Amino acid sequence: MKEAISYHASMATERMRKKNLYANGVYVFMMNSPHDKAVFCSSSLSVGLPAPTNSTLKINEMAQAILQRTFQPGVYYQKAGVMLLDTVPAGGRQTDLFGFTERDEKAESLMNVMDKINNKFSRGTIWLASEGADETKDWSMQRNFKSPNYTGDWNELLEVR
């Protein structure tokens, strides 16, 4: 579950940075299948940040803290996700009194380099260690019966001979 939450936090933060936005809060949710024989279990929690940020490291740290508070052992979770709340543009963010928003040039450089590499080669070329060491994620969505995407992917276009 930690890997899944870390992955979703990373993807959400990357998308937010592309739009030059900063988040004021993090929302994490998890649930098992309502069609399962087990009792339906859903847990979620949102936490406000001291000040807006677009750092994957800070948002992932907060998402992992939320996960620790809401995770229930023994539940077979089927769905999990991370949402970033109350986003503001770069010009509209306010700084805080306690140093949460101090410019961390190393973290900003790291986020820029990660974004550039992932944009140049493909999403997921480099990722946080907390997302797992494998490219094949056991928890990822199964796509065994996915319909072909003839109109949206050149590689799946039918060949007539």
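Residues numbered from 1 in each chain as written. Predicted model: local features only at pLDDT ≥ 70, side-chain atom pairs only at ≥ 80, totals over all residues. Heavy atoms only, no water.

Across its full length, the chain carries 3 helices and 4 strands. Along its sequence from the N terminus, the chain presents helices and strands in the succession α-β-β-α-β-β-α. Burial analysis of the chain (161 residues in total) assigns 34% to the buried set. The contacts of the chain with a sequence gap of at least 6 include a subset with a gap of at least 24, amounting to 74%. (Helix = DSSP H or I, 4+ residues; strand = E, 2+ residues; numbered from the N terminus. Buried < 20%, exposed > 50% of the residue type's maximum accessible area, 1.4 Å probe, protein only. Contact = heavy atoms within 4.5 Å.)

What follows deals with a nonpolar patch on the surface. A cluster of nonpolar side chains, namely Tyr150, Trp154, Leu157 and Leu158, defines an oily patch on the protein surface of about 520 Å² accessible area. As for its position among the elements, Leu158 is in the segment after helix H3 (105-120). On the accessibility criterion, Leu158 (59% relative accessible area) is exposed. (Patch = residues over 30% accessible without salt bridge, like charges linked within 9 Å, V, L, I, M, F, W, Y side chains within 5 Å. Areas by Shrake-Rupley, 256 points an atom, 1.4 Å probe, with all protein chains shown as cover. Salt bridge = Lys/Arg side-chain N within 4 Å of Asp/Glu carboxyl O.)

Core analysis: the largest hydrophobic core is formed by 18 residues, its most contacted members being Ile5, Val26, Val28, Ile59, Ala63, Val82 and Leu84. Within the residue set of this core, elements represented by two or more residues are helix H1 (2-18), strand E1 (21-31), helix H2 (56-70) and strand E3 (79-85). In contact with Ala63, other than residues within four places in its own chain, are Ile5, Ala9, Val26 and Val28. (Core = buried A, V, L, I, M, F, W, Y, C linked by side-chain atoms within 4.5 Å.)

Moving on, we get to the packing of H1 against H3. Remark: H1 packs on H3, axes separated minimally by 11 Å, with the N-to-C direction vectors making an angle of 95 degrees. With respect to H3, the element H1 is oriented roughly perpendicular. In this structure, H1 uses Glu14, Arg17 and Lys18 to contact H3, whose residues at the interface are Met111, Asp115, Asn118 and Asn119. For the contact of H1 with H3, a count of residues per class yields 1 nonpolar, 2 polar and 4 charged. (Axes fitted to C-alpha atoms, helices over the stretch in contact; angles between N-to-C directions. Parallel < 35°, antiparallel > 145°, perpendicular 65-115°, else oblique. Nonpolar A, V, L, I, M, F, W, Y, C, P; charged D, E, K, R; others polar.)

Its 17 residues give H1 an end-to-end C-alpha distance of 24 Å, which sits within 8% of 24 Å, the value for a rise of 1.5 Å per residue. Those residues of H1 not exposed but buried are Ala4, Ile5, Ser6, Ala9, Ser10, Met11, Ala12, Thr13, Glu14, Met16 and Arg17. Where H1 is buried, its residues contact E1, strand E2 (42-53), H2, E3 and H3. Just beyond H1, the residue with positive phi is Asn20, at close to 60 degrees. (Expected span 1.5 Å × (residues − 1).)

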